[in-house]
Amino acid sequence: MVVVGAGPNGLSAAIVAAQAGYSVEVYEAEEIAGGAARTMELTLPGFHHDFGSAVHPMAAGSPFFTTLPLHDYGLEWIQPGAPLAHPLDDGTAVVLERDIGEAALALGRDGGAWRNLFGTYARRWSELAGEILRPALRVPGHPVMMAEFGMRALASASALARNKFREERTRALFAGMAAHSFLSLDEPMSAGIAMVLGITAHAVGWPIPRGGAGAITQALIGYLESLGGRVVTSHRVEELRALGEYRFAMCDVTPRQLLGMTQFPAAYTRSLQRYRYGPGVFKVDYALSSPVPWKVKECARAGTVHIGGTLEEIEASEKATRGGQHAERPFVLLSQPTLFDASRAPDGKHIAWAYCHVPNGSTFDMLPRLEAQIERFAPGFRDCVLARRVWAPADLEKQDANLVGGDIVGGIPDWKQTFFRPSWRGYSTPLQDVYLCSSSTPPGGGVHGMCGFHAATIAVKKFSR
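These numbers were taken from a predicted model, which means no experiment stands behind them.

## Description of the sheet that holds strand S9 (residues 230–232)
Okay, so step 1: Strand order in the open sheet made by the five strands is S9-S2-S1-S10-S16, with parallel pairing throughout. The open sheet has two edge strands with one neighbour each: S9 and strand S16 (434–436). Going across the sheet, the axis of each strand differs from the next one's by a mean of 20°, ignoring polarity.
Okay, so step 2: Inspection of the sheet shows strand S10 (residues 249–251) paired to S16 by three bridges, in the parallel sense. Among the inter-strand pairings, Met250 is bridged to a residue of S16, identified as Tyr435.
Okay, so step 3: This element, helix H17 (residues 450–463), spans S10 and S16 of the sheet and lies at about 160° to S16.

Set out below in structure tokens:
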């Protein structure tokens, strides 16, 4: 069989097929495999930046990845001192501790509500992950747990935050996690990603791979090669027929690329043409002379820092983006891996990775606004910058065709495109030997490999009869 695209989902599909005894070849358009899970020198020599994903709770907690011997192929997880910090203008920061008991204690009056919201699911992560990281329209194996989780996940983040928490600090913490959804926080289902990120923070942490996200890719490739599979890079597939004969093809591409690779019946073509991509990101990679100079020193304990202030500010930022505007004070996600992995930069130097949300395909320069937000909580940050690499949405898409208009999650994850992603067919297409396995299929974005796992499992079952 053949796989188009060597991102985490394409590699996962290839592994499933190779485990089943198929001869597998993976074709990757770029020189370096991995899609959004690549690590490269993007600023100065010796500074190793993550092109896309940087922090990986979903990879560490993936039901598929955890069955693979990836440690034997070099994958090592590093747990920062705390998963997340969220600085505030009053000179304090909310730090989310990995231990839920410590987190509850730190959150004061909201500690009990936090424990009640996340505690049971964190303890049962292995069961919950098997339920949520698969197609949504299936009979749950744990119906009571999923009914309770669904009631919370289907809510708007704004409503859930205000209903559950009394302190503005806790509401801001929850809002920052919800903003990963790319939805406006008053939209249904915007609470879902906050729920998942809060649960994983306590269940598996928010770890980083030693050496960068590329270590995940290299471990997957190493294991695939041990099964006899092969990855061919710098090989862009324009048409599936150019690959010759194959038993079946797994396509780790979005609907737009798939339509260009082969002919489909008109009805299916129209359904893929209607597929909606979400907001993009404006991203900056930094080479730094020193760590980010946070006003609140506790921020240096966290691998990830959410920069956006209060719930109301984050609501305004995400609402503006969903409305096609550019937020004056954008919500910024920042990762600071060299505080925990010195191998990523020369001695004494550091890197940082930051992005904010923008309308899909935006050409607006968000750098002054993004850096103003960082300076707000880390005055003097610009003085630490040795070099920066700025990525507008078009730059990201040029490096990875799946990032359409800068959309890093494979399509807007609203209710319709969660339950029918990218169409009612899911992974299958009208062509019996062609399957879609990208983040445009269930369960959606994230470095977890489950889109590829499910798609290939279906194909292998069908063709092994």
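## Regarding the packing of helix H5 (residues 125–132) against helix H6 (residues 143–153)
Okay, so step 1: Where H5 contacts H6, the axes come no closer than 11 Å and their chain directions differ by 70°. By the criterion of interaxial angle, the relationship of H5 to H6 is roughly perpendicular. The segment H5 lies against H6, with Glu127, Leu128, Glu131 and Ile132 engaging Met145, Met146 and Phe149.
Okay, so step 2: Residues of the contact of H5 with H6, tallied by class, amount to five nonpolar, no polar and two charged.

## Quick look at empty space enclosed by the protein
Okay, so step 1: All chains considered together, the criterion is met by one cavity of 30 Å³ or more.
Okay, so step 2: Around the largest cavity, the lining residues are His49, Asp50, Ala54, Asp285, Ser335, Pro337, Arg344, Ile351, Ala352 and Trp353.
Okay, so step 3: Breaking the lining of the largest cavity down by element, the ones donating at least two residues are strand S4 (48–50) and strand S14 (350–358).
Okay, so step 4: A per-element tally of the lining of the largest cavity places S14 first, with three residues.
Okay, so step 5: In the lining of the largest cavity, the residues fall into five nonpolar, two polar and three charged.

Scoring rules and cut-offs
- Residues numbered from 1 in each chain as written.
- Predicted model: local features only at pLDDT ≥ 70, side-chain atom pairs only at ≥ 80, totals over all residues.
- Heavy atoms only, no water.
- Pairing = 2+ DSSP bridges.
- Helix = DSSP H or I, 4+ residues; strand = E, 2+ residues; numbered from the N terminus.
- Axes fitted to C-alpha atoms, helices over the stretch in contact; angles between N-to-C directions.
- Contact = heavy atoms within 4.5 Å.
- Parallel < 35°, antiparallel > 145°, perpendicular 65-115°, else oblique.
- Nonpolar A, V, L, I, M, F, W, Y, C, P; charged D, E, K, R; others polar.
- 1 Å grid on protein atoms, 1.4 Å probe; cavity = no way out; pocket = protein on both sides within 12 Å on 5 of 7 lines; lining within 4 Å.
- Points joined across faces, edges and corners; volume = space filled by probe spheres on them.

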